[in-house]
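Breakdown of the fold
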Amino acid sequence: MGACQASNPLLDPAPLPAFDRIAPEHVTPALDVLLHDAQAALERATSDAVAADYDAMSAVLDVATERLAFAWRAVGHLNAVADTPELRAAFTDNLARVTEFHTRLGADERLYRKFKAIHAGAAAAGLSPARRQALANAMRDFVLGGAELQGAARERHAQILARLADQSQQFSQHVLDATDGFACFASEAELAGVPADVVEAARAAAQADGREGCKLTLQMPCFQPVMQYADDRALRERLYRAYATLASDLGPAELDNSAVMREILALRQEEAQLLGHANYALLSLVPKMAGSPAQVIGFLRDLARRARPQAERDLAELRAFAQRELGLPDLQAWDMAYASERLQQQRYAFSAQEVRQYFTEGKVLAGLFRVVETLFEVSIREARAAVWHPSVRFFRIERGGELVGCFYLDLHARAGKRSGAWMDEVRGRWARPDGALQSPVAHLVCNFAPPVVVDGQQRESLLTHDDVTTLFHEFGHGLHHLLTRVEDIGVAGIAGVEWDACELPSQFMENFCWEWEVLQRISAHAQSGEALPRPLFDRMLAARNFQSGLHMLRQVEYGLADMRLHTEPGSEASIQAVIDEVRREVAVVPAPTFNRYQHAFSHIFDGGYAAGFYSYKWAEVLSADAWSAFEERGIFDPETGRRYREAILEAGGSRPAIESFKAFRGREPRVDALLQHQGIA
Ligand SMILES: [Zn+2]
């Protein structure tokens, strides 16, 4: 090892990444070494030197690929939370070769043969259940990766994947450029009703362009408040029209996604057929929990049927309110958000700002930790580790004095940090081939308002109730990853968990944010220190299910459109017709004929949700039903907590999610709890 390698923190064998020392110039040299080693390990693992034996293969291949993944995840993480032009360049420069290695690994015929031999060998029966699951997943993924294809089919499959990656990128580029390409200017008078800080930002944006008045865009922080609050109906219509026709045939031709969508759907259909499936939805569901497209479509239609009466009531009520109070006798698509916001304010009489005063970051965090400690019999203690920003904290989770796992907590928004909230793994639990037990480590990332300094004093961050819910949600993902007892890295924690079941532990945790017993403990007014008053909580609770019927139907409409587009061969020639049919079947709010939402539906055309948008509702059924077990026995019932922990959190991906669910609930999931919680049943 040369001096350069020895000092490269990405090649450091330490158990945690040296986040304080990793610099852009380390990335390429480290990847040179790690990719070279992983390639050498692949060659060795597929040679006769290594027996077709699970442990022998793992000792060669998993050790090398995990070392590569560990370093690459650290780079990806820094790219997301501490972006600089130099780091982004280093990341993009290496992304293609890391992806290329994994694509090749996943379709390697020699490796596939070796795994087949392990699978068919006498020793396979003696493997632990977790290991058998990991082996089954590996076999499945080889098939999905094209390892069984030969000759021209193999070549065509690789072409399709490359072209799909390219067209997906094209799709999102069009959406981004169309979004950025729109601007309209309005006077302050035309923005009557819009919150002052939004108007201020719009005025600053106009000034930056050397223009008078206010500059309005389709970016969420501008578009959303204008649709919700602007009294000027013509202005709302103008913005709605622009938004609903983004990247479509009704906009600039060079940004029209029509042809891209057609090609993506056709390529997916071809990919599915190459791999022996009649349509893409069938292929997409192979590694998922749902059994068939018909089951998913039936599930969505059932939700639609049950939610419809509530949705019709929601709409009738809104129409009556709009006519009576707002002078809008003909409620249009561009009035929906505006009228809804006014109705909600009038009925529940509280503001998010008022609620926010009760949730200081320290109190919420301490309360969250106490919930977790009580329910899952662990203790959480702050510890030291190298971090990428001074505000980032690091914690150990222990049980009976023994380390269970660790997590980094990066809560505040700042420049160079991607928006949104997420959980990501640093490493998974693993009984390593060298005999050491690797404990799991996770990242928990949010984008809350950072503390502000007032009169020279730092004021603690205040969280909205949405922020609190987000924190609990991400912590739920974290617990799934950290509390696992599985020792095979491919199925420990969140690894190997079906896509449509992943949101169970996260959505489950959100429920605590709606419990009086919990809110009392995690709230304290920033000035008076008083806990959240009960009457305010009651109004929040009453508003929780506001328009839940309409919301449910919207989700079902997207899910059904996605499923039908990926189930019906030839759908690429009639995308608009499918969209229109689904709308006629499901929606209660009539959409304008110019609405082209599918042209910016990135979830399914550029993202992992193709034939998978239903996953949100699917997992919500599981989480609501799991939660109802706690409602039955008390939300802090130790026995229920232990069963949930053991059956769901500790089992991770070591068995199908449905088995974990049944081990906890003692029966198949039922949709009733979800409907009840949303006031629809
Ligand atoms: Zn989530």
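Let me begin by describing the structure that accompanies this report.

Thresholds, definitions, all that
Residues numbered from 1 in each chain as written. Predicted model: local features only at pLDDT ≥ 70, side-chain atom pairs only at ≥ 80, totals over all residues. Heavy atoms only, no water. Axes fitted to C-alpha atoms, helices over the stretch in contact; angles between N-to-C directions. Helix = DSSP H or I, 4+ residues; strand = E, 2+ residues; numbered from the N terminus. Parallel < 35°, antiparallel > 145°, perpendicular 65-115°, else oblique. Contact = heavy atoms within 4.5 Å. Nonpolar A, V, L, I, M, F, W, Y, C, P; charged D, E, K, R; others polar. Pairing = 2+ DSSP bridges. Salt bridge = Lys/Arg side-chain N within 4 Å of Asp/Glu carboxyl O. Buried < 20%, exposed > 50% of the residue type's maximum accessible area, 1.4 Å probe, protein only. Phe/Tyr/Trp six-rings, centres within 6.5 Å; stacked < 30°, edge-to-face > 60°. Lys NZ or Arg CZ within 6 Å of the ring centre and 35° of its normal. Disulfide = S-S within 2.5 Å. Core = buried A, V, L, I, M, F, W, Y, C linked by side-chain atoms within 4.5 Å. Donors = N, O, S within 2.8 Å, 3.2 Å for Na, K, Ca; no water. 1 Å grid on protein atoms, 1.4 Å probe; cavity = no way out; pocket = protein on both sides within 12 Å on 5 of 7 lines; lining within 4 Å. Points joined across faces, edges and corners; volume = space filled by probe spheres on them.

Topic: the packing of helix α2 (residues 24-45) against helix α4 (residues 85-106)
The geometry of α2 relative to α4 is characterised by a closest axis approach of 9 Å and an angle of 10 degrees between their N-to-C directions. Judged on the interaxial angle alone, α4 and α2 are roughly parallel. Along the contact surface, α2 presents Pro24, Val27, Thr28, Leu31, Asp32, Leu35, Ala38, Gln39 and Leu42, while α4 presents Glu86, Leu87, Ala90, Asn94, Arg97, Val98, Phe101, Arg104 and Leu105. Looking at the contact of α2 with α4, its residues break down into 11 nonpolar, three polar and four charged.

Concerning the sheet that holds strand β6 (residues 422-427)
What the five strands build is an open sheet, ordered β3-β4-β5-β9-β6; its pairing is mixed. Either end of the sheet is taken by a strand with one partner, and the two such strands are β3 (379-383) and β6. The average angle at which neighbouring strand axes cross in this sheet is 30 degrees, direction not considered. Pairing geometry for β3 and strand β4 (residues 393-399), over five bridges, is antiparallel. Of the residues in β4, the one forming a bridge with Ala383 is Phe394. The strands that helix α17 (residues 465-482) touches are β3, β4, β5 (402-412), β6 and β9 (441-448); relative to β9, the one it contacts most, it runs at about 170 degrees.

As for the pairing of β4
The pairing of β4 with β5 spans seven bridges and is antiparallel. The residue bridging Arg393 from the neighbouring strand is Leu409, located in β5. From the end of β4 to the start of β5, which pair antiparallel, there are two residues, and Gly400 there has a positive phi angle of about 55 degrees.

What to know about the pattern of salt bridges
Throughout the structure, instances matching the rule amount to 52 salt bridges. A salt bridge links Arg645 to Glu377, with the nearest nitrogen and oxygen atoms 2.7 Å apart. With a gap of 268 residues between them, Arg645 in helix α25 (residues 638-649) and Glu377 in the loop between α16 (361-376) and β3 connect regions that are remote in the sequence. A residue is classified by how much of its surface remains accessible, and Arg645, at 6% relative accessible area, is buried. One network of salt bridges, with partners in common, ties together Asp625, Glu632, Arg633, Arg665 and Arg667.

Section: the packing of aromatic side chains
Evaluation of the coordinates by the stated rule reveals 40 aromatic pairs. Ring geometry for Tyr348 against Phe546: centres 6.0 Å apart, planes inclined by 80 degrees, an arrangement best described as edge-to-face. Of this pair, Tyr348 sits in helix α14 (residues 336-348) while Phe546 sits in the loop between α20 (534-544) and α21 (548-565); the two residues are 198 residues apart in sequence, bridging distant segments of the chain. Taken individually, Tyr348 and Phe546 each receive the classification buried, so the pair is uniform in this respect. One aromatic cluster in this structure is built from Phe376, Phe508, Phe512, Trp627, Phe630, Phe636, Tyr644 and Phe664. In this arrangement the basic side chain of Arg211 is found over the ring face of Phe185, its NZ or CZ atom lying 3.8 Å from the centre. Between Arg236 and the ring centre of Tyr338, over which it is positioned, the NZ or CZ distance is 4.0 Å.

Examining the state of the cysteines
Inspection of the entire model under this criterion finds zero disulfides. No disulfide involves Cys222; its nearest neighbouring cysteine sulfur is the one of Cys184, lying 7.9 Å away. This cysteine, Cys513, is not joined by any disulfide, and Cys446 carries the nearest cysteine sulfur, 11 Å off. Cys513 sits in the buried class, given a relative accessible area of 0%.

Observations concerning the nonpolar core
With 159 residues, the main nonpolar core has Leu216, Leu239, Val372, Phe407, Phe475, Phe512 and Tyr644 as its most contacted residues. When residues of this core are assigned to their parent elements, the largest contribution, 13 residues, is made by helix α13 (residues 293-326). Not counting chain neighbours up to four residues away, the residues in contact with Phe475 comprise Leu368, Phe369, Val372, Ile380, Phe407 and Leu444. The next biggest cluster of nonpolar side chains, apart from the first, holds 59 residues, and it includes Ala38, Ala134, Phe394 and Val491.

What about the coordination of the zinc ion?
Metal coordination angles in their ideal form are 109.5 degrees for the four-donor tetrahedron and 90 or 180 degrees for the six-donor octahedron. Around the zinc ion, the protein contributes the donor atoms His473 (NE2), His477 (NE2), Glu503 (OE) and Glu503 (OE), which lie 2.1 to 2.8 Å from the metal centre. Positions of the donor residues of the zinc ion, expressed as sequence spacing, correspond to H-x3-H-x25-E. Within this pair, His473 and its partner His477 are both found in helix α17, separated by four residues, close to a single helical turn. Overall, His473 belongs to the buried group, its relative accessible area being 13%.

Section: empty space enclosed by the protein
Any empty space left between atoms is shown by rolling a water-sized probe over those atoms. Per the counting criterion, the structure on display carries four cavities of 30 Å³ or more. Quantified by volume, the largest cavity comes out at close to 100 Å³. For the lining of the largest cavity, the secondary-structure elements that each account for two or more residues are α18 (504-510) and α26 (657-665). Residue composition of the lining of the largest cavity, grouped by class: six nonpolar, three polar and two charged. If you add up the space inside the second largest cavity, you get close to 80 Å³.

None of this, on its own, says anything about what the molecule does.
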